[in-house]
Amino acid sequence: MKKDTVRRHKKIANDIMHYIYKHIDTDINLDELSINMDISKFHMHRIFKEEFEQNIYEAIKSIRLTKASTLLLTNKNSTITSVAKMCGYSSHGAFIRVFKNRFNMTPKEWKKGGYKTLVKFEKSFEYESVNPEIIKNSSKEVLYIRHKGYDKSIKNIWEKLIIWLYQNDIQDYTLIGYYHDIPAITSLKECKYTAGVIVNEKVINTTFPTLTMPKLVYAKFKFKGLHKEFLAFINWIHFYWLVKSGYETTPEPSFCIYKNSSFLKNDIFEADYYVSVYV
């Protein structure tokens, strides 16, 4: 396959995934999406599966259930029906059925504490003293590459972004990583990740697709340590801090701003982790 064709297919697959995340709370119409993208449904499905190793319907279901697993715990004043709608399920019965099939318990059982049988994390004494800063971010364009797996293979896509920055002599930029899945409930090899860069200067040759950061309020957590400790920290934030905080959260993915690119060279890195919150 020619290099331009590979690049075009990656862009198509990434655009489809971006559309799914943006419209995850709706009844996603793939016929309409294929028309908007000017591509047949057959090729749209084929390209997506080649890139992400799963079909579009599987991706939609996985994203919806991951969001629902968190929203059921943090959005205490929301009914199970309203959480289902926030995740794109118009049928209460359908939501209960697919949730039970994924987690082996009903949404109600999960909400009442059943999640503790699946969610395993070690509470650290150091975590208990963590006090996040509440901030509101501005809307910015992010150039990105999507990836599957929270492991060392992430290094490869970051190298591509860094090489592109060097080739274009870009000096003013911010490295950002989106954590679409929570490692406590999704195997690390299946977790979806997005490596991105915010360029604070004019760019002529973008090469990569772009997404727009929404304007939201976030709890900002500072972290410095090993990658495996960082994943445990993410679990603690979503299934301990958020649950106890009294805040609710949105279906928007959490993200991380890396303070430097040292994590490309070793396991130790410094970063700020952001999770959306509201009251």
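Reading the values: the criteria
Residues numbered from 1 in each chain as written. Predicted model: local features only at pLDDT ≥ 70, side-chain atom pairs only at ≥ 80, totals over all residues. Heavy atoms only, no water. Helix = DSSP H or I, 4+ residues; strand = E, 2+ residues; numbered from the N terminus. Rg over C-alpha atoms; globule rule 2.2 N^0.38 Å. Buried < 20%, exposed > 50% of the residue type's maximum accessible area, 1.4 Å probe, protein only. Contact = heavy atoms within 4.5 Å. Areas by Shrake-Rupley, 256 points an atom, 1.4 Å probe, with all protein chains shown as cover. Lys, Arg positive; Asp, Glu negative; His and termini not counted. Charge placed at Lys NZ, Arg CZ, Asp CG, Glu CD. pLDDT = per-residue confidence, 0-100. Disulfide = S-S within 2.5 Å. Core = buried A, V, L, I, M, F, W, Y, C linked by side-chain atoms within 4.5 Å. Phe/Tyr/Trp six-rings, centres within 6.5 Å; stacked < 30°, edge-to-face > 60°. Lys NZ or Arg CZ within 6 Å of the ring centre and 35° of its normal.

**Here we look at the overall build of the protein chain**
Counting secondary structure elements, the protein chain contains 10 helices and eight strands. For a compact globule of 279 residues, the expected C-alpha radius of gyration is about 19 Å, and the protein chain comes in at 19 Å, within 12% of that figure. Oriented by its inertia axes, the alpha-carbon framework of the protein chain measures out at about 50 × 45 × 30 Å. Counting only residues that meet the buried cut, the protein chain has 49% of its 279 residues in that class. Residue pairs at least 24 apart in sequence account for 75% of intrachain contacts in the protein chain once pairs closer than 6 positions are excluded. Roughly 14,500 Å² of accessible area belongs to the protein chain as shown, and the carbon and sulfur atoms make up 51% of that amount. Of the charged side chains in the protein chain, 42 are positive and 30 negative, and the gap between their average positions amounts to 4 Å.

**Thoughts on the confidence of the model for the protein chain**
Predicted coordinates in areas of low pLDDT are best not read in detail. In this model, the protein chain carries an average pLDDT of 86, and 93% of its residues clear a pLDDT of 70 or more. Of all helices and strands in the protein chain, the one with the weakest mean pLDDT is helix α8 (residues 125–128) (59), whereas strand β1 (residues 133–136) scores best (95).

**Points about the state of the cysteines**
According to the stated counting rule, one finds zero disulfides in the structure shown. Looking at C87, it has no disulfide partner, and the nearest cysteine sulfur is the one in C191, 17 Å off. You can see C191 has no disulfide; the closest cysteine sulfur is in C256, sitting 14 Å from it. A relative accessible area of 0% places C191 in the buried class.

**Considerations on the nonpolar core**
Formed by 37 residues in total, the largest nonpolar core has its most connected members in Y179, Y193, F221, Y258 and Y273. No other element matches helix α10 (residues 227–245), which puts eight residues into this core. Beyond its immediate chain neighbours, meaning those up to four positions away, F221 contacts V130, P132, F233, W236, I237, W241, A271, D272, Y273 and V275. Within the second largest apolar cluster, 22 residues are counted, among which are I80, C87, F95 and V243.

**With respect to the environment of D38**
Within the secondary structure, D38 sits in the loop between α2 (30–36) and α3 (41–52). Of the residues examined, D38 reaches a relative accessible area of 72% and is grouped as exposed. The spatial distance from the C-alpha of D38 to the C-alpha of P107 is 38 Å, given a sequence separation of 69 residues.

**Digging into the packing of aromatic side chains**
In the structure shown here, the tally under the stated rule is 27 aromatic pairs. Centroid distance F255 to Y274: 4.6 Å. Interplanar angle 10°. Geometry classified as stacked. Linking F255 in strand β7 (residues 254–258) with Y274 in strand β8 (residues 268–276), this pair joins segments that are 19 residues apart in sequence. An identical accessibility class is assigned to F255 and Y274; each is buried. Among the aromatic residues, those joined into a cluster by ring pairs are Y150, Y179, Y193, F221, F223, F230, F233, W236, Y240, W241, Y247 and Y273. Of note, R64 hangs over the ring of Y89, and the distance from its end group to the ring centre comes to 5.5 Å.

**Things to note about the environment of I170**
With respect to the secondary-structure elements, I170 resides in the loop between α9 (154–167) and β3 (173–179). Residue class for I170 comes out buried when judged on its relative accessible area of 5%. Considering only alpha carbons, one finds I170 and K202, 32 residues apart in sequence, at a separation of 9.1 Å. Apart from the residues within four sequence positions on either side, I170 is in contact with W164, L165, V199, E201 and V203.

**Some remarks on the side chain of H180**
In this structure, H180 sits in the loop between β3 and β4 (192–199). Relative accessible area serves as the criterion here: at 6%, H180 is assigned to the buried category. For H180, the contacting residues outside a window of four places in its chain are Y21, T66, K67, R146, Y150, K192, Y193, T194 and P253.

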